[in-house]
Structure formats: structure tokens, C-alpha cells
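Summary of structural features
Each chain, letter by letter, is given below.
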Amino acid sequence: MSFMSQSPLATNVLLLFETGLRDQQRELARAIEKSQKEIRALADSGPGDVIDDSFGNACKENMLASYCQNRTLLRKVELALKRISMGDFGLCDACGDTISHKRLQALPWATNCIECQEQSEQGRVN
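Quick caveat, the model's predicted, so the values are computed rather than measured. (Residues numbered from 1 in each chain as written. Predicted model: local features only at pLDDT ≥ 70, side-chain atom pairs only at ≥ 80, totals over all residues. Heavy atoms only, no water.)

**Digging into the overall build of the chain**
A tally of helices and strands in the chain yields four helices and zero strands. Beginning at the N terminus, the succession of helices and strands in the chain can be written as α-α-α-α. (Helix = DSSP H or I, 4+ residues; strand = E, 2+ residues; numbered from the N terminus.)

This is the structure we're talking about:
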């Protein structure tokens, strides 16, 4: 765990972010594993009547959606941890400025400052 001097955040603040991200990484890994087991169990349950099948399909869809969301968030958390180790956590990918501490507290995996993120989203909408 070596923090390079490029990061705009103090080492103790980076450690707090890293600890929180590692906790979230563990929780997401557990949730993903649980979802995988539930999906397998539901798939192995065998055929039922129309209502059972319909309910089973709805459950599978919900479980798969949750699984996908957790996988996506886990990738973001892992990338944030990588940015911490590389020393560029808290720096905007687009402009290189500092990402506000408030934004990082809300979304520790944020890669853009508010201004660049808004510009990016407006570009997608227009």
C-alpha cells in the first residue's frame, strides 16, 4: 500500500477511503456469491406449474439484476482501490483537477469532478 505524492488527499484520508472501499469490496463479493448460489438453486428447482414458473422467472430476473449491479459496483470499487495505490485517487480523469472531498465521500469510485461529470452527461443527452 504505497501512496504516491500525486494524490491531493492526505495519507490518513486515503487510508480511511481505502478501508471503506475494502469493506465495501468484501460486502459486494459476499453478496455476489450469495446471488450466484440463489440463482443456481432456483435453476435447479425443476419445473413447476405455470404460476411457479412465472414466479421463478421473476425471482431470477430480480436476482440477475442485483447480481449485475453488484458486479458493476465491485469493478468500480476495485478501480478506486487501484487509483489509491497508483496515487491518482481524487484526481479528475478529464481535467486533472481535484475531485471534491464531499463528492468522494458520496461516490468514492468517482473518476470525474462534478463539472466534468455534468459536461459528460450533457454530452450524452444532447
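Having seen the model, we can carry on.
**Observations concerning the pattern of salt bridges**
The final tally for this structure, using the stated rule, is four salt bridges. Between Glu18 and Arg22 there is a salt bridge, with its nearest N and O atoms 3.3 Å apart. Within this pair, Glu18 and its partner Arg22 are both found in helix H1 (residues 11–43), separated by four residues, close to a single helical turn. Of the charged contacts, one joins Glu38 and Lys34 as a salt bridge, the two residues approaching to 3.9 Å between their closest N and O atoms. Highlighted residues: Glu38 and Lys34, both in helix H1, separated by four residues, approximately one helical turn. For Glu38, a relative accessible area of 33% translates into the label partly exposed. (Salt bridge = Lys/Arg side-chain N within 4 Å of Asp/Glu carboxyl O. Buried < 20%, exposed > 50% of the residue type's maximum accessible area, 1.4 Å probe, protein only.)

**Looking at the side chain of Asn112**
The topology assignment puts Asn112 in the loop between helix H3 (101–106) and helix H4 (114–125). There is a polar contact of 3.3 Å between the side chain of Asn112 and the side chain of Gln117. (Polar contact = N/O pair within 3.5 Å; in protein donor to acceptor, adjacent residues only side chain to side chain.)

**What about the environment of Met63?**
Locating Met63 in the fold gives a position in helix H2 (residues 50–86). In sequence terms Met63 and Ile39 are 24 residues apart; their C-alpha atoms lie 6.8 Å from each other. Setting aside chain neighbours within four positions, we find Met63 in contact with Glu38, Ile39 and Leu42. (Contact = heavy atoms within 4.5 Å.)

**What to know about the packing of aromatic side chains**
For the structure shown, the criterion picks out one aromatic pair. Aromatic side chains Phe17 and Phe89 sit 5.2 Å apart centroid to centroid with 55° between the ring planes, which places their arrangement in the tilted category. With Phe17 in helix H1 and Phe89 in the loop between H2 and H3, this residue pair connects regions lying 72 residues apart in the sequence. (Phe/Tyr/Trp six-rings, centres within 6.5 Å; stacked < 30°, edge-to-face > 60°.)

**Focus on the nonpolar core**
If you look at the biggest cluster of nonpolar residues, it comprises 18 residues, and the most contacted ones within it are Leu9, Phe17, Leu21, Val77, Ile84, Phe89 and Leu104. Of all the secondary structure elements, the ones that give two or more residues to this core are H1 and H2. Beyond its immediate stretch of four places on either side in the chain, Leu104 contacts Leu9, Phe17, Phe89, Gly90, Ile99 and Ala110. (Core = buried A, V, L, I, M, F, W, Y, C linked by side-chain atoms within 4.5 Å.)

**Side note on the state of the cysteines**
Inspection of every chain in the model, using the stated rule, returns zero disulfides. Free of any disulfide, Cys116 has its nearest neighbouring cysteine sulfur in Cys113, separated by 3.6 Å. (Disulfide = S-S within 2.5 Å.)

**Re a negative patch on the surface**
A surface patch of negative charge is lined by Asp97, Glu115, Glu118 and Glu121. Tracing the backbone shows Asp97 in the loop between H2 and H3. (Patch = residues over 30% accessible without salt bridge, like charges linked within 9 Å, V, L, I, M, F, W, Y side chains within 5 Å. Areas by Shrake-Rupley, 256 points an atom, 1.4 Å probe, with all protein chains shown as cover. Lys, Arg positive; Asp, Glu negative; His and termini not counted. Charge placed at Lys NZ, Arg CZ, Asp CG, Glu CD.)

**Thoughts on the side chain of Asn70**
Note on placement: Asn70 falls in helix H2. With near-sequence residues (within four places) excluded, Asn70 lies in contact with Leu28, Ala31 and Ile32.

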